[in-house]
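# Structural overview
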Amino acid sequence: MSIPNHILEQLNSQADLVSIIGRHTTLKRAGSEYKGCCPFHGEKSPSFYVNPQKNIYHCFGCSVGGNAISFLRDYENLTFIEAVNELSQQTGIEVPKEEQQNVSYQRSKKPPTVKPAAVTQAPNKPLNPEQTSTDVPSGHMVLDYNDSNYKDSNYKDSNSYENPPPLDAYGYDSIPYMTDDEGSEYQADNNYPPAWLASGMAGLHDSDINHSFDNDNDSNEDGNLYELLEKIQQFYQHNLSIHPHAKHYFLSRGISDEIFDTFGLGYAPFGWQHLEHQFPQDIEGLKALGLVRRSESGRDYDLLRDRVIFPIRDNQGRTIGFGGRALDDEVKPKYINSSDSPVFHKQHVLYGYYESRQKRANDWLVVEGYMDVIALYQVGIYGAIASMGTAINESQISRLLTLNPTLTLSFDGDSAGQKAAWRTLEVALPVLSDDKEMRFLTLPNNHDPDTFIKSQGADAMREQIVNAMPLSQYIFAYLSERHDLSLVEGKAKLMSQVRALTTALPKGSSFRYLLNNDIYQKLGGKRSQNIEAKDALLDFDGEMTVSQQLQLCFVFQPRALIDDPIEAIWQQAGIHELHLPAHLKQKASADVLRPLAWEDLQDEALLDVVSTIKRCLNYLPKDANAAAHFILSNVKPLTQETLSRDWGSFYKALTSRNILSLDGLVEELVSQLIERHMKKKTQDLIKNPDNIKLAIVRKQAQLLNNWLRAQQAEQSAQMATVKS
């Protein structure tokens, strides 16, 4: 299978290398890099470094090094194709399976270059197809590509610029809520581009030939899309310098000369075919990039016309596409992004990422638009990025959280902005481990970052970022506006949504329990759900065994088994990462090292309830009582008889106290069963000596005890807070 080099570059560039390697060794931040003990050779002093900016690793001890694909091949023993597929799943970048896309294209023979008839157009006015160069209204601008202003002394050829944009870094781009297609403008008129445009070229002589950025006389050489994009970017950037009305737009927005160069800002001039006239040998490349399109009448036209241009860059700083904004706010769509192409996949790109990495940004802020990114950058607030009109995805969030464990989202306060923020929250939950944090910033008075900085200044913006709302507060604020909390029903609906949200958090997440409990207390709960549930159990039947209590809890709240509680505790206590001396690890059997399972507890009734619920989980009714009877009808007769006797009173005891969640109680009961199992196993191994197993079980028991003590301390602190 042949995979294009540019696809491999994108996979290696977008992979979360720190997380991949972090599965095998502990990495700690060391400046702009991560440092840890080399997973390839045993060492006590860390000499292994991961550079997330370049997405490469290197060990100064054994000299091993490489990228994401090489690590998956060399350490995880994956084949090349397996490594590529693994990264494809992680990043979302599709690997073409049949006809391979390529960054090269066939250049055509260079025809005589002619310019179209002079295009007349008033700035920011739609072009009238019937208007000719002689019908220029008084006071309107006349754009003639043969004009002396166009042929300034600094504009020589495509390689003549003294300060081209850098090509050695990382970039991303975006603008939400915009269309990446302008096709709707052309559906009503099949004459686009105007017929006069083609006929107006007849009779032009060599003296009228327009200066072109394409000086390559070798028509047999294949073109490269990256090189073509760089030439187009320079062409747009040059056009900004010779069209004052376009540059005035940026100046009116407070853009400095330095920013023009840093972000490579430009302008796409009037005219339906200016790119084809500038790059006559590269028509195939222009179409592959989506910058030249074909109308229903079969005529080619430029996608971007009379728009200021924002070059879109990848992680290496290469131009891979363009965003265009209309100069007139009345023009719709206001923003257009160039289409996906062999080198541009908008769902994997963040605008401003490359520029922020060049400034070694540490604090990352997701915003909505190009100008927000630029405005923040200009006042020294680096790390602002924006998605490409689509919601930021999980792999992008994971990468940003790797660079900094706190990520802030700044969206508009209107309905569309808050919906986008909520969608981003939902996407982020699966990667929000307990050591990661997401914050939400909604600026006052309907400001966006650009307008807020102009109104209040950079320091005020920094203060807003520092005081951004934590995720727990944002969830309650967002949902409380959508439910009537004066009614019990409204509170129940809100709590139901919170429980549904928290199921998306990573397995073993402590935040899940804490968030549910925190919001319950915000709804008026005086004490924690765990304490209320324990009291309800005591009032109901203080003589029940731990196993019987747990069985009824599972019947009352079967979703508690979506993420296996034993597995969650095993991971939270760190038992799954048990570090053993080499001699123990070599002699230990696989059985003693495997995670604990429900079968190991040797409790037939409990195992019957757990296995039945897991088997029926996707078919259970939403109503708790109806779901319980569904479960009871599917367990073994003896289990059914025991549970049915207690179910009615148990259900009444919990609902009378308005208990919405048993997460904390389930965790406590399961912990007790595991602790008892470990003690019994230790006693059995003492009676029937097996020194290897005994040493391992004792280490596991110690980790469990440490975790239980930490949990008890946390609960005590919560109780003290509630009492105060």
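Residues numbered from 1 in each chain as written. Predicted model: local features only at pLDDT ≥ 70, side-chain atom pairs only at ≥ 80, totals over all residues. Heavy atoms only, no water.

## Thoughts on the confidence of the model for the protein
Chain-level statistics for the protein give a pLDDT mean of 78 and a share of 79% at 70 or above. Within the model, the stretch residues 112–212 combines pLDDT values under 50 with 244 contacts to residues more than four positions away or in other chains. (pLDDT = per-residue confidence, 0-100. Contact = heavy atoms within 4.5 Å.)

## Things to note about empty space enclosed by the protein
Under the criterion given, the structure shown has nine cavities of 30 Å³ or more. A volume near 400 Å³ is recorded for the largest cavity. In terms of lining residues, the largest cavity is bounded by 22 residues, among which Ser509, Arg512, Ala568, Asp663 and Glu667 are the most central. When residues of the lining of the largest cavity are traced back to their parent elements, those giving at least two are helix 19 (510–522), helix 22 (565–572), helix 28 (663–687) and helix 29 (691–723). Residue classes in the lining of the largest cavity are distributed as eight nonpolar, seven polar and seven charged. A volume near 120 Å³ is recorded for the second largest cavity. Lining the second largest cavity are 16 residues, with Gln10, Gln14, Asp314, Ile320 and Val343 sitting closest to its centre. Counting residues per element, the lining of the second largest cavity draws most heavily on helix 1 (residues 5–14), which supplies four residues. Of the residues assigned to the lining of the second largest cavity, the class counts are six nonpolar, seven polar and three charged. (1 Å grid on protein atoms, 1.4 Å probe; cavity = no way out; pocket = protein on both sides within 12 Å on 5 of 7 lines; lining within 4 Å. Points joined across faces, edges and corners; volume = space filled by probe spheres on them. Helix = DSSP H or I, 4+ residues; strand = E, 2+ residues; numbered from the N terminus. Nonpolar A, V, L, I, M, F, W, Y, C, P; charged D, E, K, R; others polar.)

## Let's talk about the layout of surface pockets
Approximately 2100 Å³ is the volume attributed to the largest pocket. Mapped by element, the contributors of at least two residues to the lining of the largest pocket are helix 2 (17–22), helix 13 (394–403), helix 22 and helix 23 (582–587). Among the elements that make up the lining of the largest pocket, the one with the highest residue count is helix 13 (five residues). Volume-wise, the second largest pocket comes out at about 880 Å³. Taken together, 22 residues form the lining of the second largest pocket, with Arg499, Arg559, Lys622, Asp623 and Ala624 sitting closest to its centre. Ranked by the residues each element gives to the lining of the second largest pocket, the list is headed by helix 18 (residues 488–502), at four residues. Looking at the lining of the second largest pocket residue by residue, the class counts come to 13 nonpolar, five polar and four charged.

## With respect to the environment of threonine 424
Mapping threonine 424 onto the fold places it in helix 14 (residues 415–428). Measuring from C-alpha to C-alpha, the distance between threonine 424 and isoleucine 397 comes to 9.0 Å, with 27 residues separating the pair along the chain. Beyond its immediate chain neighbours, meaning those up to four positions away, threonine 424 contacts Ile392, Ile397, Leu409 and Phe411.

## A look at the sheet that holds strand 3 (residues 48–51)
Sheet architecture is open: five strands sit in the order 1-2-3-4-5, paired in antiparallel fashion. Where the open sheet ends on each side, the last strands, each with one partner, are strand 1 (28–30) and strand 5 (65–66). Here strand 1 pairs with strand 2 (residues 33–36) via three bridges, running antiparallel. Counted as the bridge partner of arginine 29 is tyrosine 34 from strand 2. (Pairing = 2+ DSSP bridges.)

## Details of helix 19
Between its first and last C-alpha, helix 19 extends 19 Å over 13 residues, near the 18 Å set by a 1.5 Å rise per residue. Of all the residues in helix 19, the buried ones are Arg512, Tyr513, Leu515, Asn516, Asn517, Ile519 and Tyr520. In this structure serine 509 caps helix 19, since a side-chain oxygen of it lies 3.2 Å from the backbone nitrogen of phenylalanine 511. (Expected span 1.5 Å × (residues − 1). Buried < 20%, exposed > 50% of the residue type's maximum accessible area, 1.4 Å probe, protein only. Polar contact = N/O pair within 3.5 Å; in protein donor to acceptor, adjacent residues only side chain to side chain.)

## Quick look at the pairing of strand 20 (residues 437–441)
Strand direction decides the pairing type here: strand 19 (residues 406–410) and strand 20, joined by five bridges, are parallel. Looking across to strand 20, one finds that leucine 407 is bridged to methionine 438. Across two bridges, strand 20 lies against strand 21 (residues 469–470) in antiparallel orientation. Directly across from phenylalanine 440, in strand 21, lies its bridge partner methionine 469.

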